[in-house]
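# What the coordinates show
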Amino acid sequence: EVVPLDGVDRDEVAAALGALAAADPEPNASGRALAAAFTSPGWAPTWRAAFSSARRYSGAGFGAHGDWIMGAPNVLLEAADSGDGDERRRRAAEVVDAQSRQGRRVLLVARTDGRPAPDAPPAGEPAALVAIEERIRANARATLDYFAAQHVTVKVMSGDDPRTVGAVAGRVGIAHAADPFDARHLPDDPGELAELVEETGVFGRVGPQQKREMVRALQARRHTVSMTGDGVNDVLALKEADLGVAMGSGAAVSRAVAPVVLLDSDFAGLPPVLAEGRRVIANVERVANLFVTKTVYATLLALSVGVLHVPFPFLPRHLTIISSLTIGIPAFFLALAPNDCRAVPGFVERVLRFAVPAGTLAAVATMSAYGLARSQANVSQAEARTTATITLFIVAMWVLAILARPTDFWRFGLETSMAGLFVLALIVPWSRHFFALDMAPRGITAGAVAIGAAAAALLELGWRASGWLRPRREPDAPSCG
């Protein structure tokens, strides 16, 4: 919508807008909207000033058709010529306020006398206001709701009028949108700035340097920050953020500095990126727990037989069936499963906090069952190894059950199928012969099962009650099972 100010011809303003849009070789979203709405009159520019986030205006001269600038109303009105234009400025301020509160972006078009000096405010005569409706994508609300569900806080930092930014942000559910903050009043103290940025959701009139400082302020509060932008004024913040995301339709320099570029310029492309990143990182940690637990108990078992001078409690084929059913096959499926657990520092510490006690308990339980079987004169070495295999499988299966949480239908099916395959290996004659499994007397086998169950109970107790197995994460990180 174009609102000419008193005494200004609408057709002349429309022609000037079409000429300004045509004179810009790299128009932003506002310039493209103007080009679509107004036909160029074919005026040849004699000079051109590209839009600058520092100046907050652009302009061009068209010889006999006059010199025109267009930009932020607050900047151009403050520098406007005094005198007869006072009433016009007052009228312009009223229109800006009314349009901004409706969530529209408002630009001021003004006449100037020649090209404005680059280092001075542009003194011009306000001619008209252009109100541009902010078109919200149909999937915007769903995208932001997804981030909220994933404990990702979304903040808006825009160079537009705070009233406009707040109105648009409120329509898509951004927190604290009803109370937008004017970045011209940001504190200089880093501590005060960090507190303000953390507590406020919407900012308007934000300059490029301020965007960078706001990113730094959030990082100082130990937040991982992703910055999404499409303009030259976003470049500093895109470089400073932990992850910069540029729009494919944005400025070339923003695409050059951002590690991620959304080719379709659709913010809705980010939820799959977040989901995939979390799935990969969290599942790597989950699978690492399985493999490192095996490394711990295998190492302790090797040390134990060396100290005790007893035969190793397993044949290679025994370890093959245990590793396949409790680690190899389950790890393949768990690595591909969805996982919303947020990545936080401390990967090695968390893995060791789980794997060392779990692997130690598995080794102790295995050697206990092995020693029980070897203490009986009527138990052969093959039967003693089978006894140790049963105990270790029970403990390893419970380790898998803990790491596969939260348990749902397919995870429960995975666990029960692995247990079922082990039982089949014990009872089917062909597989029992192939894996060299020789069942000990019932009393010894029952003892092996009891030792394994007791170790599994201790694992569960450590997981649920004492916390000695639970990985340490940041207080506000989502639960990972």
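Residues numbered from 1 in each chain as written. Predicted model: local features only at pLDDT ≥ 70, side-chain atom pairs only at ≥ 80, totals over all residues. Heavy atoms only, no water.

### A word on the sheet that holds strand β7 (residues 156-157)
Strands belonging to one sheet form pairs held by backbone hydrogen bonds; the direction of such a pair is parallel or antiparallel. For the record, the criterion: DSSP-based pairing: two strands are paired if at least 2 bridges between them are found. Helix and strand definitions follow DSSP, with helices as H or I runs of at least four residues and strands as E runs of at least two, each counted in order from the N terminus.
Taken together, 3 strands build an open sheet; the order of strands is β7-β9-β8 and the sheet is parallel. Each of the sheet's edge strands pairs with one partner strand only, and the pair in question is β7 and β8 (181-182). Alignment of β7 against strand β9 (residues 202-204), held across 2 bridges, turns out to be parallel. The residue of β9 that forms the bridge with M157 is F203.

### Comments concerning the packing of aromatic side chains
Here is the rule: Here a Phe, Tyr or Trp ring, Trp counted by its six-membered ring, pairs with any other such ring whose centre lies within 6.5 Å, and the pair is stacked when the planes are under 30 degrees apart, edge-to-face when over 60, and tilted otherwise. Relative accessibility thresholds used throughout: buried, under 20% of the residue-type maximum; exposed, over 50%; partly exposed, between the two (1.4 Å probe, protein chains only).
Under the counting rule described, the total for this entry stands at 10 aromatic pairs. With a centroid separation of 5.3 Å and 85 degrees between ring planes, the pair formed by F332 and F333 is classed as edge-to-face. Under the relative-accessibility criterion, F332 is labelled exposed at 52%. Arranged with centres 5.6 Å apart and planes meeting at 10 degrees, the rings of W430 and F434 form a pair that is stacked. Placement of both W430 and F434 in helix α16 (residues 429-434) is noted, with a separation of 4 residues, approximately one turn of the helix. W430 sits in the exposed class, given a relative accessible area of 64%. With relative accessibility at 44%, the residue F434 sits in the partly exposed group.

### Focus: the nonpolar core
Inclusion rule: To define a nonpolar core, start from buried Ala, Val, Leu, Ile, Met, Phe, Trp, Tyr and Cys residues and group those joined through side-chain atoms within 4.5 Å.
Counting residues in each nonpolar core, the largest one holds 45 residues, and the members touching the most others are L290, Y297, I321, F354, V399, F422 and L459. Elements supplying a minimum of two residues to this core: α11 (270-308), α12 (316-336), α13 (347-374), α14 (381-403), α15 (409-427) and α17 (442-466). Broken down by element, the residue count for this core peaks at 11 residues, all from α14. Counting 23 residues, the second-largest nonpolar core is a separate cluster that includes A23, F38, M70 and V130.

### Details of helix α7 (residues 190-199)
Because an α-helix completes one turn every 3.6 residues, residues spaced three or four positions apart along the sequence face the same direction. Selection criterion: This arc is built from the directions going out from the helix axis to the C-beta atoms. The contact criterion used throughout is that any non-hydrogen atoms of two residues lie within 4.5 Å. In protein, a polar contact means a hydrogen-donor-capable atom and an acceptor-capable atom, both N or O and within 3.5 Å, with residues adjacent in sequence counting only if both atoms are side-chain atoms; elsewhere, any N or O pair within 3.5 Å suffices.
Along α7, the residues that are buried comprise L193, A194, L196 and V197. Taken around the axis of α7, the buried residues stretch over an arc of 170 degrees, which confines them to a single face. Structurally, α7 contributes buried residues whose contacts are with β8, β9 and α8 (208-220). Two or three places before G191, at the start of α7, stands the capping residue D189, its side-chain oxygen 3.1 Å from that residue's backbone nitrogen.

### Quick look at the pattern of salt bridges
Definition in use: By convention in these notes, a salt bridge is any Lys or Arg side-chain nitrogen within 4 Å of a carboxyl oxygen on Asp or Glu.
Scanning the model with the defined rule gives 23 salt bridges in all. For E133, the salt bridge goes to R171, with nearest N and O atoms at 3.6 Å. Remark: R171 occurs in helix α6 (residues 162-171) and E133 occurs in strand β6 (residues 124-133); sequence separation between them is 38 residues. Take R171: its relative accessible area is 39%, and that puts it in the partly exposed class. Look at the salt bridges and you will find they share partners, linking D97, R101, D161, R163 and R205 into a network.

### So, the sheet that holds strand β11 (residues 243-247)
Inclusion rule: A fitted line through C-alpha atoms represents every axis, and for helices the fit uses only the stretch in contact; the resulting angles, taken between N-to-C directions, go from 0 to 180 degrees.
Read from one edge of the open sheet, 3 strands run β10-β11-β12, paired in parallel fashion. Both outer strands of the open sheet, β10 (226-229) and β12 (260-262), are each paired with one neighbouring strand and no more. Neighbour-to-neighbour, the strand axes of the sheet open up by a mean angle of 20 degrees, direction not taken into account. Bridge count for β11 against β12 is 3 bridges, and the pairing is parallel. Counted as the bridge partner of M247 is L262 from β12.

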